[in-house]
Amino acid sequence: MNAKAGASEAKAAVASSSRPSRQINIILRNADQEATAGYASAADHSGSLRSLPQAGPWAEWQKELDRLVGLDNIKELVYEIYALLQIMQYRSEASLQAQAHVYHMIFKGNPGTGKTTVARLLAKLFQSMGLLAKGHLVEVERADLVGEYIGHTAQKTRELVKKALGGVLFVDEAYSLARGGEKDFGKEAIDTLVKAMEDFKNQFVLILAGYTLEIETFLMTNPGLPSRFPIQMTFPDYSVDQLIQIAEGMAKDRDYTLLPQTVYKLRQLLMQEKAEAIYDFSNARFVRNVLERAIRNQAVRLLSQHPASSPGRQELMALRPEDVRGLQQ
């Protein structure tokens, strides 16, 4: 317990290091306080948007957001962006200045915390509001950007930027671009991305994503980087209750049901996994892998129990406790 507490304190100390005042640092999901109800009832603290419009153009986006578990603060941010774009349109129609804002972002957090899902939703929102022409998401990592010889990296990076024009370029594990030092081609990819942000201003949105500590260190390697990303969002791990809700949603989408005793076993497994994986718990990704393994285990069990006939509908749907096992078991 003491070792884990020390690791958590060290992690918090790095994350709380000073950042330029122009940045917006948004903390998503407080695992100790947050329930997983809809946003309108959850955002009830002082200074928050206590309720969002339930009619008009925003209503469709509210439906999209309601499908996400947790993420109350990101829902508020999305509404802020929507409101700003809408008011800028009104200002333009009234012959008032409507200067374009910068929407390049940093997403920080463990795997499976919704970073890619939120990026895809924002791309669609930007397209619908006229900020981006296409609203598509181009997801890349180091291997897609970094070449094998001098000049190759810049060429590959420029091609991906052009592919992302009109949409969002999402660079996962972006910190890996700075791991090789000054002579590594990853630095060339960074320089090319920074130049593209100027050359194609307001034609695409760049989102750099990755683990919190690594992203913080990455930003410190180049003093000019943080100011180019005015919106920074930290995605904490999901709580166990939220992961159970995600698991039930995944099962429902596949026409499966989790029995109460199955949920209990899954909860115990999640608590154990979260306790052992201090830095790199994979959240919804872990839930998906456990669920898919449970479905395979159920298939083997049912064929053993019904070698010559089809199981009943309820049996085909039910995932039992014995079907749920850890990934290493």
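Residues numbered from 1 in each chain as written. Predicted model: local features only at pLDDT ≥ 70, side-chain atom pairs only at ≥ 80, totals over all residues. Heavy atoms only, no water.

### Observations regarding the overall build of the protein
As a reminder, the rule being used: Starting at the N terminus, helices and strands are each numbered in turn, a helix being any DSSP run of H or I of at least four residues and a strand any DSSP run of E of at least two. Type-normalised accessible area, obtained with a 1.4 Å probe on protein chains alone, sets the label of each residue: buried when under 20%, exposed when over 50%, and partly exposed for intermediate values. Contacts were defined at the residue level, with two residues in contact if any of their heavy atoms lie within 4.5 Å. Note that accessible areas follow from Shrake-Rupley with a 1.4 Å probe, and for residues the cover is restricted to the protein chains shown.
The number of helices and strands found in the protein is 13 helices and 8 strands. Among the 329 residues that make up the protein, the fraction classed as buried is 46%. Taking contacts inside the protein between residues at least 6 apart in sequence as the whole, the part at least 24 apart equals 76%. On the protein, roughly 17400 Å² of surface is accessible, and the fraction owed to carbon and sulfur atoms is 51%.

### Digging into unusual backbone geometry
Phi angles above zero are rare outside glycine, and Asn202 is one such case at about 65 degrees. Along the chain, Asn202 falls in the loop between α8 (186-199) and β5 (205-210). According to the relative accessible area criterion, Asn202 is partly exposed, its value standing at 37%.

### A word on the environment of Pro230
Looking at the secondary structure, you find Pro230 in the loop between α9 (212-220) and β6 (231-235). Residues Pro230 and Ile106, 124 residues apart in the sequence, show an inter-C-alpha distance of 8.3 Å.

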